[in-house]
Amino acid sequence: SRKRPAQPWDGKPVLLLGASPGRRGAARVLEHLRAVLGNVHAELVAEPLGIPNVAEAFDSTGALADPTLHQELTQRVTQLLAHIDAQRARQADAPG
């Protein structure tokens, strides 16, 4: 069998976020996007996060109004950044 050539999304860390005016917070599109990114071998770093009722989700300063949602977003972004740092460290330690 032939070796598959490297593709642009191979091993790329991805964090899926979505927002919608409805109660599900873009859940359907996030499910589909997760499947597509899996097919192109992207690396999903954390569970997708949907922001429901986007018209009411942010306060007047643009910050997320729901502290729990804000904490979930912060945790996921932190996971993504840690993953990227670890990936870079592995690449720097790799021979050649």
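Just above, that's the structure.
Residues numbered from 1 in each chain as written. Predicted model: local features only at pLDDT ≥ 70, side-chain atom pairs only at ≥ 80, totals over all residues. Heavy atoms only, no water.

1. Comments concerning helix α1 (residues 27-39)
Step number 1: For α1, which comprises 13 residues, the first-to-last C-alpha distance of 19 Å matches the rise-based estimate of 18 Å (1.5 Å per residue) to within 8%.
Step number 2: Along α1, the residues that are buried comprise Ala27, Leu30 and Leu37. Down the axis of α1, the buried side of the element spans an arc of 85 degrees, and every buried residue falls inside it. In α1, the exposed residues that point more than 90 degrees away from the buried face are Arg28, Glu31, His32 and Asn39.
Step number 3: Once α1 finishes, histidine 41 follows within two positions and takes phi at roughly 65 degrees, a positive value. (Helix = DSSP H or I, 4+ residues; strand = E, 2+ residues; numbered from the N terminus. Expected span 1.5 Å × (residues − 1). Buried < 20%, exposed > 50% of the residue type's maximum accessible area, 1.4 Å probe, protein only. Arc of directions from axis to C-beta.)

2. Section: the side chain of serine 20
Step number 1: With respect to the secondary-structure elements, serine 20 resides in the loop between β2 (17-19) and α1.
Step number 2: Assessed through its relative accessible area of 14%, serine 20 is described here as buried.
Step number 3: Excluding residues that lie within four positions of it along the chain, serine 20 makes contacts with Gly25, Ala26, Ile51, Pro52, Asn53 and Val54. (Contact = heavy atoms within 4.5 Å.)

3. Some thoughts on the pattern of salt bridges
Step number 1: In the structure shown here, the tally under the stated rule is three salt bridges.
Step number 2: One salt bridge connects arginine 24 with glutamate 31, and the closest N-O pair in it is separated by 3.8 Å.
Step number 3: Residue glutamate 31 is classed as exposed on the basis of its relative accessible area, which comes to 51%.
Step number 4: Arginine 34 serves as the salt-bridge partner of glutamate 47, at 3.2 Å between the closest nitrogen and oxygen. You can see glutamate 47 sitting in the loop between β3 (43-44) and β4 (49-51) and its partner arginine 34 sitting in helix α1, a full 13 residues away along the chain. (Salt bridge = Lys/Arg side-chain N within 4 Å of Asp/Glu carboxyl O.)

4. Observations concerning unusual backbone geometry
Step number 1: Residues other than glycine seldom take positive phi values, yet alanine 26 does so here, at roughly 70 degrees.
Step number 2: Note that alanine 26 resides in the loop between β2 and α1.
Step number 3: Alanine 26 sits in the buried class, given a relative accessible area of 13%.

5. So, helix α3 (residues 67-93)
Step number 1: Between its first and last C-alpha atoms α3 spans 39 Å; for 27 residues at 1.5 Å apiece the expected length is 39 Å, and the two agree.
Step number 2: Within the sequence span of α3, burial applies to Leu69, Arg76, Leu80, His83 and Gln87.
Step number 3: Where α3 is buried, its residues meet β1 (13-14), β3 and β4.
Step number 4: Where α3 begins, one side-chain oxygen reaches toward the backbone nitrogen of threonine 68, 2.8 Å away; that side chain belongs to aspartate 66. (Polar contact = N/O pair within 3.5 Å; in protein donor to acceptor, adjacent residues only side chain to side chain.)

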